Each structure stands twice: as structure tokens, then as C-alpha cells.
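Letter by letter, the chains look like this.
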Amino acid sequence: MQHPEAARLSPRQWAVILLIAAVQFINILDFVMVMPMGPDFAKALAIPESHLGYVAGSYTAAACLAGLLGAFFLDRFDRRQALAVALGGLVFGTASGGLATSLESLLLARVVAGAFGGPATSLSFSIIADAIPASHRGRAMGTVMGAFSVASVLGVPAGLLMAEHFTWRAPFFTVAALGVVVGVVAIALLPPMRGHLDRPHATVTARELVSRPLVQLSYLMTAVVMMAGFIVIPNIAAYVQLNLGLPRESLKHAYGVGGVASFFATQVGGRLVDRFGSFRVGTAGTALVVGTVFTAFYLQWSQVPPVAVVLGFAVFMLANGLRNVSYNTLTTRVPEPEVRARFQSLQSAVQHGSAALAAVFSAQLLATAPGGVLVGMPRVAVVSMSLSLLIPVILRVVERRVGAGAPEVSAPLLAPPAEPR
């Protein structure tokens, strides 16, 4: 039953949501822009296209390790201060990517970005869960996750355009500069987030948290969702160009249209989750994902019309948006407020570790043929579809167990605005 105080979100809560969405825009843009630019820096740095999964995997592996370490200390600090440190490291790692001169130096830069980008996501989701009651959290998470869509609609095409007219290094430097601006504004305007420090049970250890069956199920769900997506995602840009014949100049249009579809999915999907629950919305998204992966990646096509490639990419992004907002909203209801950053940090480790494993595994399944096309994409599609079929089952179990547990405290944990800074 909806808490009476949760009937509407206050302007202060909306301000927090929008600030965190801006932070996530930079964080996500740093990650998603690398994959579509893969063929560009692969050519410039003499990296085989079949090894692009390692570039994505280096970021996610570092974020995984950072999530494991962050579980031991993130809940001990004001969330705003911790976010400032994470953003600073992310900006440094992003700028370093623009200075790479080889595969090794690029991997090192992506490791630094991932080591700070992972905790930035954990802290962002923790701040949203602290500030927004559960009854409206789907809408809030949809807004924050809409940053992924905006990054795809605006950021990725702009980055690809800069890479065309300048060099592949330009997008890295531009995102780093934007990160400085957004970080300064967000940290200056966010209120102190110390409410979780006053909770009486803040001494729960990471080991005790992970021993809970519901937490284990939540992390299993996260791992399956991430692996189902990231065994495909790092290879899309190379596949549609090398195998489907999409012109390089049309790639930015595909990501732009796909981003619009994803933005629609996260905004509408968040509201649908608040109304119908994560299981129903997530199952619908999963069905769309399976259908798209089968059609676009399992079936073998050649020289597909660009409009068909763009349409298929849009459906894939729409489906992933529905699925992701469903499971992310559900996982925010699993932990208590006092262990939320610890839970989210461990979840970040699971997310990025699973994504890294899937990206590296996809690189093992793929090879570059002498003619320049990727070989082995149907094998990748089979693994993705098999994992996706498990997702509705886990969503259902987690949603039932969350609903059967004690009601979550709906009062936001924002510190009083009058506190001096």
C-alpha cells in the first residue's frame, strides 16, 4: 500500500534525481562511447577487431574489483563526498584514454576509468534509493537510467562525429572536460547524504550481507542479465559494419535512433514498474531481447539495408531498456538503507565482473576472417538467448520475496538543507 507521504515527489527530490542523472550521463557516456569507436581506434592502434572485447572487459573487470573493495568502506562516508572522489578518478581515467598509444596503454586507461566509474554508479543508485520512497523508485530509476539513452542519442553520435572530423582521441578529452563541469555542479548542489550513518545497524559486514539468500538471488539475477547483454553488446558496432555492411557514417544514426528507443523504454518502463511490478515489465523486455538477438545475430545476413539495421538496433535498445529498469528498480528494494552503498557496491562488482566475463568470452567465440568479417556470431547469440530465458524466473522469485519481507522505510534520508557546507 502506498505511503501517504509518497503521493508525489518533492522539488528537492526531483533536484537530486536530475543531478544524479547528469552524473550518470558522464559515467555512462565514458563507457558506451568506447564500443562504437572500436573499429576506429583498432585501426589507429593496430588492434585486431576480434580483440575489442578485451577493451570493454578491462573497464568492467576494474569496476568489479573496485566494487568488491568498496563494499568494505563506502557506507562509512557521506555519499556526496564519496561521489566527488569517484568522479575525479573517472575524469582522470577518461582523459588518459585519449593519450593511449597502444593496446596496453588503452587497457590501462580503461582500468583506471572502471576503478572509479563502478563506485560512482553504486553511489548514484544508493543516493536515489536513500532519497526516493519505494513507491516512486521505478520512475526515479527510469529517469536516472535515461542518462544511458541520452548518452546514446546525443553523446555517442557526437563522439563518432568528432572522431570522423578530428581524431578518435577527441571524444575522450571532451567527455573528461564535461565530467569536470558536471561533477563540480552536482557536488556543489547535492545536499549532504549522511542519514545512513545514523542507522543503528550499520555494522553489518559484507560477509553477513552476502550470506542472505535474498541478496544472493538478487546478485544472481544481476549476473545473468549482464552476461546475456554483454556477450553481444561489445561486438555490435564491428558486426553491423563488417558483416551487415552498415556504412561507417551511418553508425551514429543507429546509436541515435537506438538511444531514443532506450530513453522511451526507461521513462515509460519505470512508470510501468511502479504500476505492474518488475516481473511483468522485465519479462516483456526479455521476450523482445530474445526475438531481436535471434533475428539480428543468430540468423546470417549480408548487406542488410541500413534502415533495417537501424530499426533492429532500436528494438534491441528498447528491449534492454525495459529489462534493465525492471531489475535495477527491484534490486534497490533488497537492502536496508544503512547497508545500501555496500549492497550496491557488491552489485556493481557483480555487474561489471559478469560483463567482463561475457565480453572476454565473446572474444573467444569470435574470430576475424581473412575477408574482414566476424565469424562465430551465431554462437554468441545462442549463449545470450539461453541466459535471457532464465531472467523472468529469477525476477519472479526475487519480486515475491521482496514483497513478503518487511516494508521498507519510505522516509527519505536526505540531510537537512540548512546544514552549512
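Everything numeric here is computed off the predicted structure, so don't read it as measured data. Throughout this document, residue positions are counted from 1 along each chain, in the order its sequence is written. Side-chain atom pairs in this predicted model are given and counted only at pLDDT of 80 or more, local residue features only at pLDDT of at least 70, and totals for whole chains, interfaces and linings cover all residues. The side-chain quantities take in all heavy atoms of the structure and omit both hydrogens and water.

## What to know about the overall build of the protein chain
Helical segments are the DSSP runs of H or I of at least four residues, strand segments are the runs of E of at least two, and each set is numbered from the N terminus. Check the secondary structure of the protein chain and you find 16 helices and two strands. Relative to the 2.2 N^0.38 estimate, which gives 22 Å for 421 residues, the radius of gyration of the protein chain is 20 Å and therefore close to what a compact globule would have. Using a 1.4 Å probe on the protein chains alone, a residue whose accessible area is under 20% of its type maximum counts as buried, one over 50% counts as exposed, and one in between counts as partly exposed. By the burial criterion, 57% of the 421 residues in the protein chain qualify as buried. Any two residues whose heavy atoms approach within 4.5 Å at even a single point are treated as in contact. Sequence separation of at least 24 residues holds for 88% of the intrachain contacts in the protein chain that already meet a minimum separation of 6. Our radius of gyration looks at C-alpha atoms and nothing else; its globule reference is 2.2 Å times the residue count to the power 0.38.

## Comments concerning the packing of aromatic side chains
Two rings from Phe, Tyr or Trp (for Trp, the six-membered ring) form a pair when their centres sit within 6.5 Å of each other. Planes less than 30 degrees apart are called stacked, planes more than 60 degrees apart edge-to-face, and all others tilted. Taken as a whole and assessed by the stated rule, the structure comprises seven aromatic pairs. Aromatic side chains F31 and F230 sit 5.6 Å apart centroid to centroid with 40 degrees between the ring planes, which places their arrangement in the tilted category. You can see F31 sitting in helix α1 (residues 11-32) and its partner F230 sitting in helix α9 (residues 213-230), a full 199 residues away along the chain. Both residues of the pair, F31 and F230, count as buried. A centroid spacing of 5.1 Å and a plane angle of 25 degrees characterise the contact between Y219 and F343, whose relative ring orientation is stacked. Linking Y219 in helix α9 with F343 in helix α14 (residues 340-365), this pair joins segments that are 124 residues apart in sequence. The same class applies to Y219 and to F343, which are both buried. Put simply, the rings of F31, Y59 and F230 touch in pairs and so form one group of aromatic residues.

## Side note on the nonpolar core
Residues enter a nonpolar core if they are buried and are Ala, Val, Leu, Ile, Met, Phe, Trp, Tyr or Cys, with the set joined through side-chain atoms within 4.5 Å. Core analysis: the biggest nonpolar cluster contains 111 residues, and F41 and L83 have the highest contact counts within it. Ignoring sequence-local partners within four residues, the contact set of L83 consists of I20, V23, A120, L123, S124, I127, I187 and L190.

## Structural notes on the packing of helix α12 (residues 278-298) against helix α15 (residues 377-388)
Two elements in contact, α12 and α15, have axes separated by 9 Å at closest approach and are oriented at 170 degrees. Viewed along their axes, α12 and α15 adopt a mutual orientation that is roughly antiparallel. Contacts between α12 and α15 involve T286, V289, V290, V293, F294, F297 and Y298 from the former and M377, P378, A381, V382, S384, M385 and S388 from the latter. Of the residues assigned to the contact of α12 with α15, the class counts are eleven nonpolar, three polar and no charged. Axis lines are fitted to C-alpha atoms, over the contacting stretch for helices. Their N-to-C directions set the angle, which ranges from 0 to 180 degrees. In what follows, roughly perpendicular refers to angles from 65 to 115 degrees, roughly parallel to angles under 35, roughly antiparallel to angles over 145, and oblique to any angle outside these ranges. Three classes are used, and their members are as follows: Ala, Val, Leu, Ile, Met, Phe, Trp, Tyr, Cys and Pro are nonpolar, Asp, Glu, Lys and Arg are charged, and the others, Gly among them, are polar.

## A word on α1
In a helix, the anticipated span is given by 1.5 Å times the number of residues less one. The terminal C-alpha atoms of α1, which comprises 22 residues, lie 30 Å apart, in line with the 32 Å expected from a rise of 1.5 Å per residue. Extensive coverage of α1 is indicated by the burial of 16 of its 22 residues.

## Here we look at the confidence of the model for the protein chain
Averaged over all residues, the pLDDT of the protein chain is 82; the fraction at 70 or higher stands at 91%. Looking at any residue, its pLDDT shows the predictor's confidence there, from 0 to 100. The low-confidence segment residues 1-6, where pLDDT is below 50, has seven contacts with residues more than four positions distant or belonging to other chains. Below a pLDDT of 50 lies the segment residues 409-421, which in the model reaches 29 contacts outside its immediate sequence neighbourhood of four places, other chains included.

## Overview of the environment of A341
Following the sequence through the fold, A341 ends up in helix α14. On a C-alpha basis, the gap between A341 and S126 in space is 5.4 Å, while along the polypeptide they are 215 residues apart. Sequence-distant contacts of A341, defined by excluding residues within four places in its chain, comprise L74, D75, R79 and S126.

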